[in-house]
Amino acid sequence: MKLSIIIPCFNEINTIEKIIQAVKKSEVSDKEIIIVDDCSSDGTREYLEKIKSNGEVDKIFFHSRNLGKGAALKTGFAAATGSIIIIQDADLEYNPEEYPKLLKPILDNRADVVYGSRFKGGSAGRVLFFWHSLGNLFLTTLSNMFTNLNLTDMETCYKVFRKSIIDQLTFEEKGFGIEPEITAKISKLKCRIYEVGISYNGRTYEEGKKINFKDGFRAIYCILRYNLFK
């Protein structure tokens, strides 16, 4: 099965080359790499324009203004041609070496969607912010209350889907709110959802982490909106 790897990015000049090389080296032979630059201003766009002309990556798209992660993912979803889709952040927090672990439940025909959980145990994780992890736990619990799922990490980047699942859905959120929106909408499809434990090399804000408390409030709104009113 062909794997479409969607990499949304915004101002990731320090990591974009490394993550591209890591994705290319991953143990998946049949894959396409789709990068969506969300109007970077730190040199990321110029780097991607250079490698686009060299044909180093399968598909690269450029937003003319900064719209948010959700908008970048929607651009990537529309361009994907693989039968399986995975989301890969452009930083180095998530390790592409774990693709085989994430794909296995789908390839074994046990799952339609797989979440890579940072909190499921069994893998190394960088020790960072207490309040950030508590916020993740709160948002995941709130989401689970409405979806009736027992996820441990709703906000994880590593989400893997059969393309047939994505093709049934229309997403509205332009920013980080797409994470709870995705979860709310796939829960209504009654598809088979699995979680696997993954490693996590989290970043500090000084290192480029972008999500903040305002995104947390938006996530609460999205959990309520897409579970109760959509």
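Just above, that's the structure.
A brief structural summary. (Residues numbered from 1 in each chain as written. Predicted model: local features only at pLDDT ≥ 70, side-chain atom pairs only at ≥ 80, totals over all residues. Heavy atoms only, no water.)

### Observations concerning the sheet that holds strand S5 (residues 113-117)
To keep it simple, the criterion reads: At least two bridges found by DSSP between two strands are what make those strands a pair. Secondary structure counts use DSSP, requiring at least four H or I residues in a row for a helix and at least two E residues in a row for a strand, with both numbered from the N terminus. Orientation is described by axes fitted as lines to C-alpha atoms, over the contacting stretch for helices, and by angles from 0 to 180 degrees between their N-to-C directions. Residues count as neighbours in contact if any of their non-hydrogen atoms are within 4.5 Å of one another.
Overall, mixed pairing links the seven strands, which are arranged S3-S2-S1-S4-S6-S5-S7 in an open sheet. The open sheet is flanked by strand S3 (59-62) and strand S7 (193-197), the only strands paired with a single partner. Strand-to-strand, the axes of this sheet are offset by a mean angle of 20°, without reference to chain direction. In this structure, S5 lies alongside strand S6 (residues 159-162), joined through three bridges in antiparallel fashion. Within S6, the residue paired with Tyr115 across the bridge is Lys159. The sheet contacts of helix H2 (residues 44-54) involve strand S1 (3-9), strand S2 (31-37) and S3, and relative to S3 the element is tilted by about 145°.

### Describing the nonpolar core
Selection rule: Nonpolar cores were defined as sets of buried Ala, Val, Leu, Ile, Met, Phe, Trp, Tyr and Cys residues, with membership established by side-chain atoms within 4.5 Å. For the exposure calls, accessible area comes from a 1.4 Å probe over protein chains only, and a residue counts as buried if that area is under 20% of its type's maximum, exposed if over 50%, partly exposed in between.
Ranked by size, the top nonpolar core spans 59 residues in total, and within it Ile20, Ile35, Leu48, Tyr99 and Leu102 carry the most contacts. The leading source of residues in this core is S1, at five residues. With residues up to four places along the chain from it excluded, the contact list for Tyr99 reads Leu3, Ile5, Val23, Ser26, Val28, Ile86, Gln88 and Tyr158.

### Considering helix H3 (residues 69-79)
Judged by how many residues are buried, H3 sits mostly within the fold: eight of 11 residues are covered. Residues of H3 that are buried include every one of Lys69, Gly70, Ala71, Ala72, Leu73, Gly76, Phe77 and Ala79, and no others. Each element contacted by the buried residues of H3 is listed here: S1, S2, S3, strand S4 (84-87), helix H6 (163-166) and helix H7 (178-187).

### Quick notes on unusual backbone geometry
Despite not being glycine, Asn109 has its phi angle at roughly 60°, a positive value. Positionally, Asn109 belongs in the loop between helix H4 (99-107) and S5. Despite not being glycine, Lys190 shows a phi value in the positive range, around 60°. By the element assignment, Lys190 lies in the loop between H7 and S7. Under the relative-accessibility criterion, Lys190 is labelled exposed at 73%.

### A closer look at the packing of aromatic side chains
Here is the rule: Aromatic rings from Phe, Tyr and Trp, with only the six-membered ring used for Trp, were paired whenever their centres fell within 6.5 Å, and each pair was classed as stacked if the ring planes differed by under 30 degrees, edge-to-face if by over 60, and tilted otherwise.
Scanning the model with the defined rule gives five aromatic pairs in all. Between Phe77 and Phe161, the aromatic rings sit 6.3 Å apart at their centres with planes inclined by 85°, giving edge-to-face as the arrangement. Taken together, the positions of Phe77 in helix H3 and Phe161 in strand S6 put the pair 84 residues apart, joining distant regions of the chain. Across the pair, exposure class does not vary: Phe77 and Phe161 are buried alike.

### Description of the environment of Pro96
Following the sequence through the fold, Pro96 ends up in the loop between S4 and H4. As for Pro96 and Phe217, which are separated by 121 residues in sequence, their C-alpha atoms are 30 Å apart. In this structure Pro96 touches Ile19, Ala22, Val23, Ser26, Gln88 and Tyr158, once residues within four positions along its chain are discounted.

### Comments concerning the side chain of Ser26
Within the element layout of this structure, Ser26 appears in the loop between helix H1 (16-25) and S2. Residue classification places Ser26 among the buried positions, given a relative accessible area of 7%.

### Quick notes on the packing of H7 against helix H8 (residues 213-228)
Our working definition: What sets the label is the angle itself: under 35 degrees gives roughly parallel, over 145 gives roughly antiparallel, 65 to 115 gives roughly perpendicular, and the rest give oblique. For any pair of crossing helices, the crossing counts as left-handed if the nearer helix is rotated counterclockwise from the farther one by less than a right angle, and right-handed if it is rotated clockwise. For this classification, Asp, Glu, Lys and Arg are treated as charged, while Ala, Val, Leu, Ile, Met, Phe, Trp, Tyr, Cys and Pro are nonpolar and the rest, including Gly, are polar.
Between H7 and H8, the shortest axis-to-axis distance is 8 Å and the interhelical angle comes to 20°. It follows from the interaxial angle that H7 and H8 lie roughly parallel. Crossing handedness for the pair H7 and H8: right-handed. Residues Pro180, Glu181, Ala184, Lys185 and Ser187 of H7 form the contact with H8, whose participating residues are Ala219, Cys222, Ile223, Tyr226 and Asn227. Split into classes, the residues belonging to the contact of H7 with H8 amount to six nonpolar, two polar and two charged.

### Description of the pattern of salt bridges
Counted only if it meets this: In the sections that follow, a salt bridge refers to a side-chain nitrogen of Lys or Arg positioned within 4 Å of a carboxyl oxygen of Asp or Glu.
One pass over the full model with this rule turns up 18 salt bridges. For Arg162, the salt bridge goes to Asp112, with nearest N and O atoms at 3.1 Å. Note that Arg162 is positioned in strand S6 and Asp112 in the loop between H4 and S5, a separation of 50 residues in sequence. Assigned by exposure class, Arg162 and Asp112 land together as buried. One salt bridge connects Glu173 with Arg218, and the closest N-O pair in it is separated by 2.9 Å. Residue Glu173 is located in the loop between H6 and H7, and its partner Arg218 is located in helix H8; the two are separated by 45 residues in the primary sequence.

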